[in-house]
Amino acid sequence: MLDRIRWWNNQNHHGRKSNHQLIHVSELERVSRVGSGAGGTVYKVIHRPTGKLYALKVIYGNHDESVRRQICREIEILRDVDNPNVVKCHDMFDHNGEIEVLLEFMDRGSLEGQKIPREQDLADLARQTLRGLAYLHSRRIVHRDIKPSNLLIDTRNQVKIADFGVSRILEQTMDPCNSSVGTIAYMSPERINTDLNQGQYDGYAGDIWSLGVSILEFYLGRFPFAVGRQGDWASLMCAICMSQPPEAPPTASREFRDFIACCLQREPRRRWTASRLLHHPFIAQNNIAGNNQGLVFFLSLVGIIPLAERLGYATEQLAFFTGPTVGGLLNATFGNATEMIISIYALKIGMIRVVQQSLLGSILSNMLLVLGCAFFTGGIIHSEKVQVFNKAAAIVNSGLLLMAVMGLMFPAVLHFTHSEVHFGKSELSLSRFSSCIMLVAYASYLYFQLRSQNNLYSPVDEEVDNNDDSEEEEVPELTQWEAIGWLAILTGWVSILSGYLVDAIQGASDSLNMPVAFISVILLPIVGNAAEHASAIMFAMKDKLDITLGVAIGSSTQISMFVIPFCVVVGWIMGKPMDLNFQLFETATLFITVLVVAFMLQEGTSNYFKGLMLILCYLIVAASFFVHVDPSNADDN
């Protein structure tokens, strides 16, 4: 049968170019079972030659020749479907008498059993599902099995419709009454009792009914009919065909109640189409709120900038009382408080890739953009001299950054070489063990820096002419406790605005047509590092490069050796699979960046040209992430 399928595909692709790469069933390795039901079992599989993850749906039953011909006709329909809200079907096999369908892998699974009380979240879910349905209906494809278990979601909160076309194959291999009670629960009345519509069944209207039942179930947290969804099929059919269509409760908004009513009309011709429902007030009004997220993102971005400048000023004032080493450490700590709050918030809601990418972006931004701007500005202001800094301290920080790269590299290499003892588990265990080691190393570094070898971190001797009265000694403008108070207040406000910033990422990505990875790695860290950026430049202009290094490189060291492993441990406590596998592209970018900065720091001097080179390197990194597609949504999460 596999040869027959291949022959059919070759005939249909003859004379036109196809970008689809055929996958042989022998190249697939089953990793784990995702779920199973009366119709079949879904497995998480890995394609050994490429390392990509897929979902393999194995359909039960013996298939006669007519079913085989139907499969051949379905292949081209399913594989040509290409929509961001429809699960991609990559291939189909007949292996050992079983039909196997190779599908896109959705890492967060289905929405079955989820309760979604917020209408804005429901509107976003309904909007994405309707977009997928409108696309399928425009291609004259009827799903026939819309239900919560066939609505899948990934880590980017992107909802996709699954099992379209597959349900038609199931119908030919199974008894419709005994196949799946859960499927009957979402069938429209006229599909169960053909007498209700003069024996005519409108599959498009049937999909809308199923969608309405599913959305209402998400809102209520239970099956909306009086009879339970897991009851016997006879009771379900009586409830669906003989009772009034369910309604949204009075506590819901008028727009949501009307939306449900438009979906659950007993007469199929009175139900709205998918395209029309996309313009329903419930969808449109909440979509406006989603589009406004781009404005929220921009306003939060602008609002943080002056707060960051004042944060740098308060830290500079505190540095008068603590010395340059502790002052730089405090600046890096207060600057990274925002990243830690954002990361814990994102971890709590399962946005692991946002945590990884924003923390990686903070390291890249500090080492290339912040340090580059500081070197460039300081070199322009003090062009008559060569600015110097403590080379020994810079070398120690470079070694810690390389240790952090090693901690991030081994889980990624272990994953992509498929050399784990237990696939998916060894990588996570190694990440948690390495994170504990990195935390111990960072604690040892703090003791080494502040107590054991603090003389190593004293500023280099500056050549100052004691007879030159033109340069007056600076005095603090704030007292020590005033500076501490302002640091606490400003950090709180920056954290609040950063929360709004993170919440608006997805909406800003949609409205600005910009990849989420670019926003997370480039734009978000620029704002998060605004405090370090402002203070590092101020210190460089005042020829205090040791504090500049403590802010820029010290912040990168603190994120890589403390914040990232701390998030792994917090995720461990929360039960979230946060690991150190930042993907190959991100890990390679970090490794090259650390090498470039280490070479820049080895002489212990700076000038405007070194700063310019670091800034240009950051522009290359930014452009790379703008054209980079994050594989976590389907293939390599």
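Going by an unreviewed UniProt entry, the protein carries the name Vacuolar cation/proton exchanger and comes from Cannabis sativa. Database annotation for the protein, UniProt heading Subcellular location (unreviewed entry): "Vacuole membrane". The UniProt entry for the protein carries the following comment under Function (unreviewed entry): "Vacuolar cation/proton exchanger (CAX). Translocates Ca(2+) and other metal ions into vacuoles using the proton gradient formed by H(+)-ATPase and H(+)-pyrophosphatase."

Moving on: helix α24 (residues 608-626). Counted at 1.5 Å a residue, the expected span for α24 with its 19 residues is 27 Å, and the 27 Å between its end C-alpha atoms agrees. Burial in α24 covers these residues: K610, G611, L614, I615, Y618, V621, A622 and F625. Seen along its axis, α24 keeps its buried residues to an arc of 135°; they face one direction. Residues of α24 that are exposed and point more than 90 degrees away from the buried face comprise L619 and I620. Taking the backbone nitrogen of F609 as reference, a side-chain oxygen 3.1 Å away marks N607 as the first, capping residue of α24.

Turning next to the pattern of salt bridges. Applying the stated rule across the entire model yields 11 salt bridges. Close ionic contact of R30 with E100 constitutes a salt bridge, the shortest N to O distance being 3.3 Å. Placement of R30 in strand β1 (residues 28-36) and of E100 in strand β5 (residues 98-104) is noted, with a sequence separation of 70 residues between them. Using a relative accessible area of 41% as the deciding quantity, one classes R30 as partly exposed. Here E100 falls in the buried class, since its relative accessible area comes to 2%. For the salt bridge of K610 with E603, the shortest nitrogen-to-oxygen distance reads 3.5 Å. Judged by its relative accessible area of 9%, K610 falls in the buried class. Assessed through its relative accessible area of 54%, E603 is described here as exposed.

Next up on the list: the environment of V596. For V596, the position within the fold is in helix α23 (residues 584-601). Distance in space between the C-alpha atoms of V596 and C617 is 9.0 Å, their sequence separation being 21 residues.

So, about the state of the cysteines. In the structure shown here, the tally under the stated rule is 0 disulfides. Here C241 stays free of any disulfide, with the sulfur of C238 as its closest cysteine sulfur at 7.5 Å. Exposure remark for C241: the relative accessible area of 13% places this residue in the buried category.

What follows concerns the nonpolar core. With 83 residues, the main nonpolar core has M367, L371, F375, I553, L590, V597 and L601 as its most contacted residues. With 15 residues, the single largest contributor to this core is helix α15 (residues 352-381). Residues contacting L601, with those up to four places away along its chain left out, are L371, F375, F389, K391, A394, S398, L549 and I553. With 41 residues, the next largest nonpolar core counts I146, L211, F223 and F256 among its residues.

With that settled, the discussion passes to the packing of α15 against α23. At a minimum axis separation of 11 Å, α15 and α23 run at an interaxial angle of 20°. Taken together, the axes of α15 and α23 are roughly parallel relative to one another. As for how α15 packs across α23, the hand of that crossing is left-handed. Between α15 and α23, the contacting residues are R353, Q357, L360, I363, L364, M367, L368, L371 and F375 on the first element and E586, T589, L590, T593, V594, V597 and L601 on the second. Class assignment for the residues of the contact of α15 with α23 results in 11 nonpolar, 3 polar and 2 charged.

As for its position among the elements, I59 is in strand β3 (residues 52-59). For I59, a relative accessible area of 0% gives the class buried. Placed 40 residues apart in sequence, I59 and I99 show a C-alpha to C-alpha distance of 5.3 Å.

Conventions adopted
Residues numbered from 1 in each chain as written. Predicted model: local features only at pLDDT ≥ 70, side-chain atom pairs only at ≥ 80, totals over all residues. Heavy atoms only, no water. UniProt positions renumbered as here; feature names shortened; annotations may be inferred. Helix = DSSP H or I, 4+ residues; strand = E, 2+ residues; numbered from the N terminus. Expected span 1.5 Å × (residues − 1). Buried < 20%, exposed > 50% of the residue type's maximum accessible area, 1.4 Å probe, protein only. Arc of directions from axis to C-beta. Polar contact = N/O pair within 3.5 Å; in protein donor to acceptor, adjacent residues only side chain to side chain. Salt bridge = Lys/Arg side-chain N within 4 Å of Asp/Glu carboxyl O. Disulfide = S-S within 2.5 Å. Core = buried A, V, L, I, M, F, W, Y, C linked by side-chain atoms within 4.5 Å. Contact = heavy atoms within 4.5 Å. Axes fitted to C-alpha atoms, helices over the stretch in contact; angles between N-to-C directions. Parallel < 35°, antiparallel > 145°, perpendicular 65-115°, else oblique. Left-handed = near helix turned anticlockwise from the far one by under 90°. Nonpolar A, V, L, I, M, F, W, Y, C, P; charged D, E, K, R; others polar.

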